[in-house]
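Structure at a glance
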Amino acid sequence: MAETFVQNTDDVVRFLTDQHNLIKDLFDEVLGASGTEAREEAFADLRQLLAVHETAEEMVLHPRARATLDGGDEIVDARLEEEHQAKQVLSQLEKMDVGSAEFIDALTEFRDLVLEHAAHEEAEEFGALQQELSAADLKRMVGAVQAAEAIAPTHPHAGVESAKANFALGPFASMLDRARDLIGAAFK
């Protein structure tokens, strides 16, 4: 699995922005892989990081944005719709042959959508939270995000985008996903 830990744990905004940069790097790694096996491994890392990262945002960041920001409901609803679409596309990508040209084309389009989504989060949500919250709150939220990532599913689950749904269904989905990952690794 790709390391989801990033160096900055003093500020949730910087922590998540660093993860956005790691996601971008993983897209480049998948698209630039020299062979099918390397592409499969890089894609597994990317898929897992995207799944745990989005779950943590849905459980921690988005609820705080709703409660704190002017227009928070509209901002978060737009991000959740993007995350729902991304989970659907990521689920489709999981079923594709990573060595195919079709996969590369679909992944390239998906990368553009994910990077646009990240830019929206950074511009509309992250900066505003950084201005509204104290340094202590931003630091506390890093711990909450890390805890959410530790129990998050490792595969996309479209339709599970709210904090409530993630708390209710996330641990069960996570258990199944992590078992699937371990069993799959045994056959490689």
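Taking an unreviewed UniProt entry as the reference, the chain is identified by name as Hemerythrin belonging to Mycolicibacterium phlei DSM 43239 = CCUG 21000.

Going through the model one piece at a time under the given rule, you end up with 11 salt bridges. A salt bridge links Lys87 to Glu58; the nearest nitrogen and oxygen atoms lie 3.1 Å apart. With Lys87 in helix H3 (residues 72-94) and Glu58 in helix H2 (residues 36-68), this pair connects stretches of sequence that are 29 residues apart. This pair shows no difference in class: Lys87 is buried, exactly as Glu58 is. Among the ionic pairs, Arg140 bridges to Asp137, the shortest N-O distance being 2.3 Å. Pair noted here: Arg140 and Asp137 are both in helix H5 (residues 135-151), with a separation of three residues, about one helical turn. Connected through shared salt-bridge partners, Arg64, Asp137 and Arg140 make up one network.

Once that is clear, we can look at the nonpolar core. Residues Val12, Leu16, Val60, Leu61, Leu129, Met141 and Val145 are the most contacted members of the largest nonpolar core, which totals 21 residues. Not counting residues up to four positions away in its chain, the partners in contact with Leu16 are His53, Glu57, Leu61, Phe126 and Val145.

On the surface, Glu37, Glu40, Glu41, Asp97, Glu102, Asp105 and Glu109 cluster together into a patch of negative charge. Relative to the elements of secondary structure, Glu109 occurs in helix H4 (residues 101-132). Residue classification places Glu109 among the exposed residues on the basis of a relative accessible area of 56%.

Here we take up empty space enclosed by the protein. By the definition in use, this model includes three cavities of 30 Å³ or more. Here the largest cavity defines a volume of roughly 130 Å³. Every residue lining the largest cavity is counted, 12 residues in all, and those nearest its centre are Leu50, Glu54, Glu83, Ala86 and Lys87. Elements with a minimum of two residues in the lining of the largest cavity: H2, H3 and H4. Among the residues forming the lining of the largest cavity, the class breakdown is seven nonpolar, one polar and four charged.

What follows is about the packing of H2 against H5. In contact at an axis separation of 8 Å, H2 and H5 are set at 140° when each is read in the N-to-C sense. Overall, the two elements H2 and H5 adopt an arrangement that is oblique. When the axes of H2 and H5 are compared, the crossing they make is right-handed. For the pair H2 and H5, contact is made by Val52, His53, Ala56, Met59, Val60, Leu61 and Arg64 and by Asp137, Met141, Ala144, Val145, Ala148, Glu149 and Ile151, respectively. In terms of residue class, the contact of H2 with H5 is built from 10 nonpolar, one polar and three charged.

The rules behind the values
Residues numbered from 1 in each chain as written. Predicted model: local features only at pLDDT ≥ 70, side-chain atom pairs only at ≥ 80, totals over all residues. Heavy atoms only, no water. Salt bridge = Lys/Arg side-chain N within 4 Å of Asp/Glu carboxyl O. Helix = DSSP H or I, 4+ residues; strand = E, 2+ residues; numbered from the N terminus. Buried < 20%, exposed > 50% of the residue type's maximum accessible area, 1.4 Å probe, protein only. Core = buried A, V, L, I, M, F, W, Y, C linked by side-chain atoms within 4.5 Å. Contact = heavy atoms within 4.5 Å. Patch = residues over 30% accessible without salt bridge, like charges linked within 9 Å, V, L, I, M, F, W, Y side chains within 5 Å. Areas by Shrake-Rupley, 256 points an atom, 1.4 Å probe, with all protein chains shown as cover. Lys, Arg positive; Asp, Glu negative; His and termini not counted. Charge placed at Lys NZ, Arg CZ, Asp CG, Glu CD. 1 Å grid on protein atoms, 1.4 Å probe; cavity = no way out; pocket = protein on both sides within 12 Å on 5 of 7 lines; lining within 4 Å. Points joined across faces, edges and corners; volume = space filled by probe spheres on them. Nonpolar A, V, L, I, M, F, W, Y, C, P; charged D, E, K, R; others polar. Axes fitted to C-alpha atoms, helices over the stretch in contact; angles between N-to-C directions. Parallel < 35°, antiparallel > 145°, perpendicular 65-115°, else oblique. Left-handed = near helix turned anticlockwise from the far one by under 90°.

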